[in-house]
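# Working through the structure, step by step
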Amino acid sequence: MTTTTPSRGRRRAPSRLGRAAGKAAALQKPRVLLAGLLLLALTSVMLLDGYLRAEVGGDERVRDGASSSKVPDKILDGGPIVSFRGGSATSVSVPDKTIALTFDDGPTPTYTPQVLEILEKYDVPATFFVVGSMVSRYPGIVKDMVEQGNEVGIHTFTHVDLSYQSDARVNREMQQTQLALAGAAGITTTLFRAPYSSETDAIDNYSWPVYEKLGEDGYTSVFVDTDSDDWKKPGVSKIVKWATPDDSDGASVLFHDAGGERSQTIKALPEYIEKMKAKGYTFTTISGVIEQEQSANGQQAGGPAATNGQQPGAGTGAGNLQAAHREAAGATLYEGKALLAAVAVAEYAVPTLSVGLMVVGVAVMGRFGMMLILARRHYKQRNKRRFSWGPTVTRPVSVIVPAYNEKECIANTLRSLAQSTHPIEIIVVDDGSTDGTSEISRNAAHELGMTNVRVIRQENAGKPAALNNGVRNASYDIVIMMDGDTVFEPDAVQQLVQPFADPEVGAVAGNAKVGNRDTIIGAWQHIEYVMGFNLDRRMYDLLRCMPTIPGAIGAFRREAVLEVGGMSEDTLAEDTDITIAMHRAGRRVVYQEHAKAWTEAPGSLKQLWSQRYRWSYGTMQALWKHRKSLTDKGPSGRFGRVGMPLVVIFQIVTPVFAPLIDVFTAYSMIFIDFQAALLAWLAVLAVQLVCAAYAFRLDKEKYRYLLMMPLQQLAYRQMMYLVLIHSCITALTGGRLRWQKLKRTGEVGTPTGAS
């Protein structure tokens, strides 16, 4: 039988979703771009934080024992301050009874402020050779350091041995540290001390070219005469002893204010200062030493190696004690500020993301545990020999098949329904198809001898309108809704309607399975359907908060559908919308695992993206539409306070942040500890495999498809995350989507061997 009816109460004008189609299409590319930019920003923040902590680009190599045959003897035997004024290497020694107190490896918030406090107490200046990454993380300490009258020099950005590095890396280490100083204290400096350096006689043939190059750039390299060796933590008395010059010699003395536990240094420093002052020593900075040397030689006082036309001594703050400083201005200053801002974001974001990662990890593992426990209980409960919903339901039911351009699939769908072991009427609602779907349906019914098929044609109005049209024309009190590309097993209808023996049940979710599972994409979706959807439904069933009845196979009491106003066009997930509406109307929604239907899953990544994008966005719409259930009482409130939080946490929030696990894992594999990160990833994969294997066991599926799971975790899951992030951005930006028709092949027929 074929009838043609217009969609009731509906004009030819497009629906609200249709009118939004143009706008949605125009906004999709920017939203995809925004999702990509968010992922790029996350990766950039992590790389920056790793670079600051020497996890990215770190190089722990230290050269030792190399020849010094190419280093001039006057440098090897000279003073600790080496400059290249006039293109010639010269060295400066610290005058007698003078201490140039220097500190390496800072700043650090634990010890540097204590050092500054001691220096201020004893009115002693010092020169701090700072690590650029530490400056960018603790700029306030450097600002205090300079304002107190101390001098700063560069100790590279990541504390690497420059003799192993390329010229580009050397330049980058210096420039980035200068930018950090500019952003922190508004200065740059001409002083430099190489990491792992000591006295000048330790300069070798590999490090000397580095000092020469930096000298050409205007830097003065600073070494030590006397090393406290405080990093060895030998005890306060030995630190003081080792830092004391012989006789009355002057010295460039090395301490550390960072790079490890420095409590002994903090205790030794006051004792050392008091001892040296008692012996008649004075304290100065490196620039102060150079000034004294120049004064003794009758030269103009000033700082080391003035460059860019600036006069030596044109420093800031404490005059010639800070003569190596240059005021940062222009692009250098603003780039420095930008660097500090980026580092501040990374310093805040990465720990926050780490906490988020822990929360996501706990939530994911908690979900797996909850699913396994409740799914097992559900299976045992529903498969007991004595379990029954009540008296066997034998009365006829109506099967509604909404169809839009389903010429490839509709005949297979009707052929499967013709084998139904339960009495049914079939209502095919042709939603304005242009491919002859109605004629194909009529011919298939005739060939199969099916007198229980009605074909209703309507103007194209969307799937919800087609389903509502079918409900209005249904003859029986139970209606089954399926997709036009789905095939039922012979006993699917019989199994699906049995829960209606319980008068509390208003709707039943069937067991949807992927029919085209022999492709990679199909296998991935098969795993998802069995593990994600069906295992979830067992859990939600026991908790009485089922969020979604699948569009491929679901059954409803007709009066319940009409009571809630039918299938709504308010969202793109009409199946989730109607399911939540059932809960809010006080109806119970259950899962019937034995009612199986086979659906044709998307066969390409583009179609898959389109489908899941609509699903995830529609789910968000449905949750927002029914948000008042959070404060309702009874079954509606139960869903609002149990089901809705579970859906939000496990289907939106956790998946949105789940990429953190993969990003952190990849980061750890590349930059930290490959083996440990790989073992952690494999452990998580093992947990997922256990859950998936149990789900396959409950559904009596073949385990061989689980061989695709590792690849699914690497590729398919990432795509689903991006789809969800894309949907969230669409929701946050107020976009709307139109209905999208997926291309079908009709390859899913009646299951082989179906009983």
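Now for a description of the structure that goes with this document. Please read all numbers here as calculations on a predicted model, not as lab measurements.

Scanning the protein for helices and strands turns up 24 helices and 21 strands. Buried residues in the protein amount to 55% of all 755 residues. Nonlocal contacts in the protein, meaning residues at least 24 apart in sequence, comprise 82% of its contacts between residues at least 6 apart. Surface summary for the protein: the accessible area is close to 32,000 Å², and the carbon and sulfur share equals 55%.

Below, the discussion takes up the packing of aromatic side chains. Taken as a whole and judged by the stated rule, the model has seven aromatic pairs. Through a chain of ring-to-ring contacts, three or more aromatic side chains come together here, namely Phe-103, Phe-128, Phe-255 and Tyr-272. Above the ring of Tyr-164, the side-chain terminus of Arg-63 is found at 3.9 Å from the ring centroid. The ring centre of Tyr-705 lies 4.4 Å from the NZ or CZ of Arg-704, which sits over that ring.

With that settled, the discussion passes to the pattern of salt bridges. Enumeration over the complete set of coordinates arrives at 23 salt bridges. Note that Asp-104 is salt-bridged to Arg-193, the shortest N-O span being 2.9 Å. Of the two residues, Asp-104 is situated in strand β4 (residues 98–104) and Arg-193 in the loop between β8 (191–192) and α8 (208–216); the sequence distance between them amounts to 89 residues. The burial state of Asp-104 is the same as that of Arg-193; both residues are buried.

Moving on, we get to the packing of helix α19 (residues 574–584) against helix α20 (residues 605–625). As a packed pair, α19 and α20 sit with axes 9 Å apart at the nearest point and diverge in direction by 25 degrees. Classified by the angle between their axes, α19 and α20 sit roughly parallel to one another. By crossing handedness, the relation of α19 to α20 is classed as right-handed. Contact residues: Thr-576, Asp-577, Ile-580 and Arg-584 in α19; Thr-619, Ala-622, Leu-623 and Lys-625 in α20.

So, about the pairing of strand β6 (residues 151–154). Going residue by residue along β6, you find Glu-151 and Gly-153 tucked away on one face and Val-152 and Ile-154 tucked away on the opposite face as well. The pairing of strand β5 (residues 127–130) with β6 spans four bridges and is classified as parallel. Opposite Thr-127, over in β6, you have Glu-151 as the bridge partner.

Here we take up helix α17 (residues 520–543). Under the 1.5 Å per step criterion, the end-to-end length of α17 is 34 Å for 24 residues, consistent within 8% with the ideal 34 Å. Along α17, the sharpest kink reaches roughly 30 degrees, centred on Tyr-529. Among the 24 residues in α17, 20 count as buried, and that is most of the element. One or two positions beyond α17, positive phi appears at Arg-544, with a value near 60 degrees.

What follows is about the packing of helix α4 (residues 112–121) against helix α10 (residues 263–278). It is at 10 Å that the axes of α4 and α10 come closest, and there the two elements cross at 15 degrees. Here α4 is positioned roughly parallel relative to α10, judged by the angle of their axes. α4 and α10 meet at a crossing whose hand is right-handed. Seen from α4, the contacting residues are Gln-114, Val-115, Ile-118 and Leu-119; seen from α10, they are Ile-266, Leu-269, Pro-270 and Ile-273.

What follows covers a positive patch on the surface. A grouping of Lys-97, Lys-238, Lys-241, Lys-275 and Lys-279 is seen on the molecular surface, where their side chains present a positively charged patch. Examined against the element boundaries, Lys-279 turns out to sit in the loop between α10 and β12 (282–284).

Attention now goes to the nonpolar core. In this structure, Ile-99, Leu-101, Phe-103, Leu-119, Phe-128, Phe-192 and Tyr-272 are the most contacted members of the largest nonpolar core, which totals 62 residues. Excluding residues that lie within four positions of it along the chain, Ile-99 makes contacts with Pro-245, Ala-251, Val-253, Tyr-272, Met-276, Tyr-281, Thr-282, Phe-283 and Thr-284. Core analysis: the next-biggest nonpolar cluster, separate from the first, contains 57 residues, Leu-374, Ile-400, Ile-456 and Val-561 among them.

This brings us to helix α6 (residues 139–147). When we look at burial in α6, the residues that qualify are Ile-141, Val-142, Met-145 and Val-146. With its buried residues spanning 135 degrees around the axis, α6 presents them on a single face. In the stretch just after α6, Gly-149 is the one whose phi turns positive, near 105 degrees.

Attention now goes to a negative patch on the surface. A grouping of Asp-73, Asp-77, Glu-199 and Asp-201 is seen on the molecular surface, where their side chains present a negatively charged patch. On the basis of relative accessible area, Asp-73 is assigned to the exposed category, the value being 56%.

Here we take up the environment of Ser-610. Note on placement: Ser-610 falls in helix α20. A relative accessible area of 16% means that Ser-610 is categorised as buried. Sequence spacing of Ser-610 and Val-723 is 113 residues, and the spatial spacing of their C-alpha atoms is 8.7 Å.

Moving on, we come to unusual backbone geometry. In this chain, Gly-106 is followed by Pro-107 through a cis amide linkage whose omega measures 0 degrees. Phi at Asp-229 takes a positive value of approximately 50 degrees, unusual for a residue other than glycine. For Asp-229, the location among the structural elements is in the loop between β10 (226–227) and α9 (236–242). Of the residues examined, Asp-229 reaches a relative accessible area of 17% and is grouped as buried. One non-glycine residue, Arg-544, lies in the positive phi region at around 60 degrees. Mapped onto the elements, Arg-544 comes out in the loop between α17 and β20 (553–557).

The rules behind these values
- Residues numbered from 1 in each chain as written.
- Predicted model: local features only at pLDDT ≥ 70, side-chain atom pairs only at ≥ 80, totals over all residues.
- Heavy atoms only, no water.
- Helix = DSSP H or I, 4+ residues; strand = E, 2+ residues; numbered from the N terminus.
- Buried < 20%, exposed > 50% of the residue type's maximum accessible area, 1.4 Å probe, protein only.
- Contact = heavy atoms within 4.5 Å.
- Areas by Shrake-Rupley, 256 points an atom, 1.4 Å probe, with all protein chains shown as cover.
- Phe/Tyr/Trp six-rings, centres within 6.5 Å; stacked < 30°, edge-to-face > 60°.
- Lys NZ or Arg CZ within 6 Å of the ring centre and 35° of its normal.
- Salt bridge = Lys/Arg side-chain N within 4 Å of Asp/Glu carboxyl O.
- Axes fitted to C-alpha atoms, helices over the stretch in contact; angles between N-to-C directions.
- Parallel < 35°, antiparallel > 145°, perpendicular 65-115°, else oblique.
- Left-handed = near helix turned anticlockwise from the far one by under 90°.
- Pairing = 2+ DSSP bridges.
- Expected span 1.5 Å × (residues − 1).
- Bend = angle between axes of the 7 residues up to and from the residue.
- Patch = residues over 30% accessible without salt bridge, like charges linked within 9 Å, V, L, I, M, F, W, Y side chains within 5 Å.
- Lys, Arg positive; Asp, Glu negative; His and termini not counted.
- Charge placed at Lys NZ, Arg CZ, Asp CG, Glu CD.
- Core = buried A, V, L, I, M, F, W, Y, C linked by side-chain atoms within 4.5 Å.
- Arc of directions from axis to C-beta.

Any functional reading would require information beyond the geometric quantities listed.
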